[in-house]
Amino acid sequence: MRFAWTEVQESFAAAVGAVCARECPPERLRALWDAAETAQPVELPGWAALADQGLLDALAPTEHGGLGLDAVDVIPAAVATGRAALPGPFVEHAFVAGPVLADRGVRASAALGPAPFAAHAADVDVLVVGAGDRLCLLDRAGARLERCRSVDRSRRLARVRWDPGAPRPVGGPAELAAAFDRGIVGFAAQLLGLAEAMLERTCEYVRERHQFGVPVGSFQAVKHKLADVRVAIEFAAPLVARAGWAVTHDGERAGVWASMAKAAAADAAELAARHALQCHGAIGYSWEHDLHLWMKRAWALSRAWGDAAWHRERVARVVLDGEDGP
Amino acid sequence: MDLTWSPREEAFRSEVREWLARNVPAEPLPSGDTREGFAAHLEWERRLHEAHLSVVSWPVRYGGRDAGPWEWLIFEEEYHRAGAPQRVTQNGIFLLAPALFEFGTPAQQDRYLPPMASGAETWCQGWSEPEAGSDLAAIRARAVRDEAGGGWRLFGQKTWTTRGAFCTHLFGLFRTDPTAGRHRGLTYFLVPLGIDGVTVRGFGRLDGDEGFADVFFDGAFVTDDAVLGEVGEGWRIAMATASSERGLTLRSPGRFLAAATRLVELWRRRRGDAGPATRDALVRAVIAAEAYAAQTLAVVTRSAAGARPGVEASLAKVFWSELDVVIHEVARDLLGPEAELDDVWARGHQFALAGPIYAGTNEIQRNVIAERLLGLPR
Ligand SMILES: Cc1cc2nc3c(=O)[nH]c(=O)nc-3n(C[C@H](O)[C@H](O)[C@H](O)COP(=O)(O)OP(=O)(O)OC[C@H]3O[C@@H](n4cnc5c(N)ncnc54)[C@H](O)[C@@H]3O)c2cc1C
């Protein structure tokens, strides 16, 4: 029994974090926000460098040119992408499509489970979708995309529809469930990273900002809110790691663990966003301040692919109603 | 990451599970916070000890099994899963023993650990006083040097002492140097409660059981070997082992996993009456119990690698105590009108509400988290 990341997993995450910090600073995220309305595919900051690092194909099998890693290996790196609010369909491409897409030159997004939207659908070559109980690939050319504006404009969201016959099946119900579960574990990891980043920035801010002649971080009302965020992160993180193990090794109850992780990480990130804004005061409410780049991503990802209540209900159907594991 | 148990650990689990299946009393014992109940629980402790299961992580020579932290965790999980009796010896074995192992002399360890393991001697914790709760360093109970006798004379009052009326011994903090700073002049004493000059008066907790006590000291004499660690080092010793109380040792995840399982069973019986809000709250509790168990795996991994429990224990204290409250609130919602009945759930609910108060209130824990983990200014 050993519940900890390996040095390799951690150093991979550190390398990914360094690339993200260099390649997608807030200015570049904002530039993407400005491009929200263009129909043309946009260049995603950091993606070329992360592709060079192997991150984008980390979960693809080696015979298909990937790194052949599993979800556990890549979770710390996914957390790092969340900390940086890395834009782009990283989770969809790496966690969801990676293991099922043979062609490494292709970029993918996905919309599975209760997700009506795909992020960056217009910026990718192929979409992973569920048609009936089958896991399918849908070429962008065969997809009917209706552009929608996410609260996080960097997501370049689209509602995805298709004509019968357009999606190409690549797996049955088991593969469909597995792809969905890998996806929500990836989003859960990013939500954790977002929560961590918001907590850190807010702690920095409340140490610096003075009112009544003292740092506002010395006020207990502020301290206790941020302590609660720290607690929420502390107990969501192990569920995400546990879910990574489950989707890699457990088969049977993987869906339950994955949904527990997504629910807990979504709640932690929403709490972090709420308290981060409150502890910043009006400055956090301004468009110029960067907090909302993280906050809005958290709001988006916490709802994407099933919100916390949806995932708890999925857990309930197994744990309470005794249905077979998803 | 490797979430599989070794064959040795699995064998240990089966042994514990089988022993508990054969030995756990079919009918719950009377409350350990009453005099008769305490005696019944000590009888249970004696049987646990005979099976070398009362203190599995201790050295064999003190009645343990030299079990590592993983086996300890397995033991706890099985213990709670089996619905085995509460540990009335917990303040000794979980709170004092870590301090004895770290700061006690070999003579003190030999003297105190074996009877603690068997339940022949039982310990209560003498920290709080009427004027010193959260502000523990404000304690006024004193120990005055008695040079002629070659020891110390104790004066003052401890309160809220759990099961003080039934225990044989008290470990507590006393001020030995009134001129030193608040935290400096404190000393950690090991005191038999039967000696002259000690008066114990039990009183009722919220549930009416006599689980609290006031302990009065009026010149009670103890010799030098009643001091744990150095004179004047009491604060440091108490704080070094406070993490045991806040974290894992006092409240292992097995306890909450078992409570969540019982809650799910209750839900199956009462689901007809339960609305969607209760269903959602119940799942939240189940997820939180699993989160606590998973976080514990991370903590035990670090402790198996030699790390000491630190301020992170404050995170666990807030989490488990609030989880326990939520579990019992959901149970009350499921019970409907029967939630009014004075039964095991009502008792559990009342005790759960004490969790955010004892072992350092959750407000104090949040201060610790903010100041020591998040680096916010005091
Ligand atoms: C069931 C139970 C068993 C116990 N067993 C023992 C025992 O065996 N031995 C023992 O020594 N003690 C025991 N205690 C006592 C326990 O340690 C104290 O209750 C605890 O330390 C709080 O002290 P207090 O009750 O005096 O509350 P106070 O310190 O008076 O606090 C009252 C309220 O003010 C808040 N508060 C105080 N200071 C601050 C601050 N700085 N910032 C924010 N809020 C603050 C508290 O959080 C609390 O909400 C037990 C208590 C209970 C409920």
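Residues numbered from 1 in each chain as written. Chains lettered and ligands numbered in written order. Predicted model: local features only at pLDDT ≥ 70, side-chain atom pairs only at ≥ 80, totals over all residues. Heavy atoms only, no water.

1. A look at the overall build of chain A
The secondary structure content of chain A amounts to ten helices and nine strands. For 326 residues, the compact-globule estimate of 2.2 N^0.38 gives 20 Å, and chain A sits close to it at 19 Å. Referenced to the eigenvectors of the C-alpha coordinate spread, the extents of chain A come out at roughly 65 × 45 × 35 Å. Counting across all 326 residues of chain A, residues that qualify as buried make up 58%. The contacts of chain A with a sequence gap of at least 6 include a subset with a gap of at least 24, amounting to 69%. Each charge class in chain A was averaged separately, 35 positive and 40 negative side chains, and the resulting centres sit 6 Å apart. (Helix = DSSP H or I, 4+ residues; strand = E, 2+ residues; numbered from the N terminus. Rg over C-alpha atoms; globule rule 2.2 N^0.38 Å. Buried < 20%, exposed > 50% of the residue type's maximum accessible area, 1.4 Å probe, protein only. Contact = heavy atoms within 4.5 Å. Lys, Arg positive; Asp, Glu negative; His and termini not counted. Charge placed at Lys NZ, Arg CZ, Asp CG, Glu CD.)

2. Comments concerning the confidence of the model for chain B
Chain-level pLDDT for chain B is 95 on average; 99% of the residues reach the 70-or-more range. Both confidence scores are given for the complex: pTM 0.97, ipTM 0.96. (pLDDT = per-residue confidence, 0-100.)

3. Here's the deal with the domain arrangement of chain B
The accessible area lost on association of the parts is a frequent measure of interface size. All names here are of chain B. Assigned domains within chain B: domain 1 (1–87), domain 2 (123–238) and domain 3 (247–373). The C-alpha centroid of domain 3 is placed 21 Å from the C-alpha centroid of domain 1. Every contact between the two is made by eight residues of domain 1 and, on the other side, 14 residues of domain 3. Summing both partners gives a buried area of about 930 Å² for domain 1 against domain 3, and 80% of it is carried by carbon and sulfur. For the pair domain 1 and domain 3, the interface holds zero salt bridges. Summed over the shared surface of domain 1 and domain 3, the number is one residue pair in polar contact (both at pLDDT 80 or more). (Domains from an automatic or database assignment. Buried area = accessible area lost by both parts, 1.4 Å probe. Salt bridge = Lys/Arg side-chain N within 4 Å of Asp/Glu carboxyl O. Polar contact = N/O pair within 3.5 Å; in protein donor to acceptor, adjacent residues only side chain to side chain.)

4. Here we look at the pairing of strand E1 (residues 123–126) of chain B
All names here are of chain B. Burial along E1 is two-sided: the residues Trp123 and Gln125 and Cys124 and Gly126 are all buried. As paired elements, E1 and strand E4 (residues 169–175) share four bridges and run parallel to each other. Directly across from Trp123, in E4, lies its bridge partner His169. (Pairing = 2+ DSSP bridges.)

5. Quick look at the sheet that holds strand E4 (residues 134–139) of chain A
All names here are of chain A. The sheet built from four strands is open, its strands ordered E1-E3-E4-E7 with mixed pairing. On the outer flanks of this sheet lie strand E1 (108–111) and strand E7 (168–171), each paired with one strand and no other. Ignoring which end each strand starts from, the neighbouring axes of this sheet average 35 degrees apart. Pairing of E4 with E7, which is carried by three bridges, proceeds in the antiparallel orientation. Note that in E7 the partner of Leu135 across the bridge is Gly171. Across the sheet, helix H5 (residues 90–97) lies against E1 and strand E3 (126–131), angled at about 85 degrees from E1, the strand it touches most. Here helix H6 (residues 173–208) sits on the sheet and contacts E3, E4 and E7; the angle it forms with E4, its principal contact strand, is near 70 degrees. (Axes fitted to C-alpha atoms, helices over the stretch in contact; angles between N-to-C directions.)

6. Here we look at the pattern of salt bridges
Any two side chains of opposite charge can pair if their charged atoms end up close together. Here the structure, examined in full by the defined rule, presents 55 salt bridges over all chains. When the shortest N-O distance is used, the salt bridge between Asp290(A) and Arg30(A) registers 3.0 Å. With Asp290(A) in the loop between helix H8 (254–280) and helix H9 (291–303) and Arg30(A) in helix H2 (residues 26–34), this pair connects stretches of sequence that are 260 residues apart. What makes Arg30(A) partly exposed here is its relative accessible area of 22%. Across the pair Arg308(B) and Glu102(B) runs a salt bridge, and its minimum N-O distance is 2.8 Å. On the criterion of sequence distance, the pair formed by Arg308(B) in the loop between helix H9 (276–304) and helix H10 (313–335) and Glu102(B) in helix H4 (residues 90–103) is long-range, its members being 206 residues apart. One salt-bridge network, in which partners are shared between bridges, spans Asp33(B), Arg163(B), Arg205(B), Asp207(B), Asp209(B), Asp342(B) and Arg347(B).

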